[in-house]
Amino acid sequence: MRKIISFMHISLDGFVAGPNGEMDWIKVDEEIFDYVGKRINEDDIALYGRVTYQMMENYWPTAGDKPTATKHDIEHSKWYSKVHKVVLSKTMKDAGLTNTKIISDNLSDRINEIKQQAGKDILLFGSPTATHSLIQLNLIDGYWLFVNPIILGRGIPLFVDIKDKIKLNLLTTRQFTCGVTELNYTVDRQ
């Protein structure tokens, strides 16, 4: 069975974006790009909320073609074009979208259908609103968090309206030179 892994950059105080969606505080460098690139190449479905998908779609399809494209831009652009994308949205339609499926209703059933298919992990990229919905439905199986060395004080939190405890098992940690710490957890369903 596939697992949904939430891939998120967070502040030390648990925010995934500033009060107006700002993400300019996130530290990403070549070391992190290389590390994340190896991991995401192991997965074959990328899951997004509408806002994050539209942001990705506005940049990644052509990012590798630009004269100023970095190694990361080229590699991630290639990956983005081949990965199957699933978008959670009540307003988007999938007519004309390449390699993209829109889920707009029956979220739990539709996600569980995808999880039952043979394949690799499903990475949920950013997408705080989608993440909140999936947490409420107990559909997230792991958290791949990149804790940035900053305290924002306010913004969009990763965890909201948690009704029941969610027990986690720590799989790995990694400290990056830029001060970011990776925490990789699975949800303990026992």
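The structure this text deals with has already been given above.
Source: prediction; values computed, not measured.

## Structural notes on a nonpolar patch on the surface
Together, Phe159, Ile162, Ile166 and Leu168 give the surface a local cluster of nonpolar side chains, amounting to about 300 Å² of exposed area. As for its position among the elements, isoleucine 166 is in the loop between strand E8 (156–157) and strand E9 (168–175).

## Overview of the side chain of histidine 9
Within the secondary structure, histidine 9 sits in strand E1 (residues 4–11). Looking at histidine 9, the relative accessible area reads 16%, which means it is buried. If we skip the residues at most four places from it in the chain, histidine 9 touches Phe15, Val16, Trp25, Ile26, Lys27, Val28, Phe146 and Asn148.

## Comments concerning the nonpolar core
Counting 24 residues, the largest nonpolar core has Tyr48, Trp79, Phe125, Trp144 and Phe146 as the members making the most contacts within it. Where this core is concerned, the elements lending two or more residues are E1, helix H1 (30–40), strand E3 (45–49), helix H2 (50–63), helix H3 (71–82), strand E6 (122–125) and strand E7 (142–148). With residues up to four places along the chain from it excluded, the contact list for tryptophan 144 reads Ile5, Ser6, Phe7, Met8, Tyr35, Val36, Arg39, Ile40, Leu123, Glu182, Leu183 and Asn184. One finds Leu88, Ile111, Ile114 and Val147 within the second-largest nonpolar core, a separate group that totals 23 residues.

Conventions used here
- For every chain, the first residue of its written sequence is number 1, and the numbers climb from 1 along that sequence.
- Only residues with pLDDT of at least 70 get local features here, since the model is predicted, and only at 80 or more are side-chain atom pairs given and counted; chain-wide, interface and lining totals rely on the full set of residues.
- Side-chain calculation: all heavy atoms of the structure are included, whereas hydrogens and water are not.
- Distance thresholds for patches are 9 Å for like charges and 5 Å for nonpolar side chains (Val, Leu, Ile, Met, Phe, Trp, Tyr), applied to residues having over 30% relative accessible area and no salt bridge.
- We get accessible surface area from the Shrake-Rupley algorithm with a probe of 1.4 Å; when it comes to residues, only the shown protein chains can shield them.
- By definition, a salt bridge exists where a carboxyl oxygen of Asp or Glu is found within 4 Å of a side-chain nitrogen of Lys or Arg.
- Strands here mean DSSP runs of E at least two residues long; helices mean DSSP runs of H or I at least four residues long; both are numbered from the N terminus.
- In this scheme, a residue with accessible area under 20% of its type's maximum is buried, one over 50% is exposed, and one in between is partly exposed, where area comes from a 1.4 Å probe on protein chains only.
- Should any heavy atoms of two residues lie within 4.5 Å, those residues are considered in contact.
- Nonpolar cores are built from buried Ala, Val, Leu, Ile, Met, Phe, Trp, Tyr and Cys residues. Side-chain atoms within 4.5 Å join them into one set.

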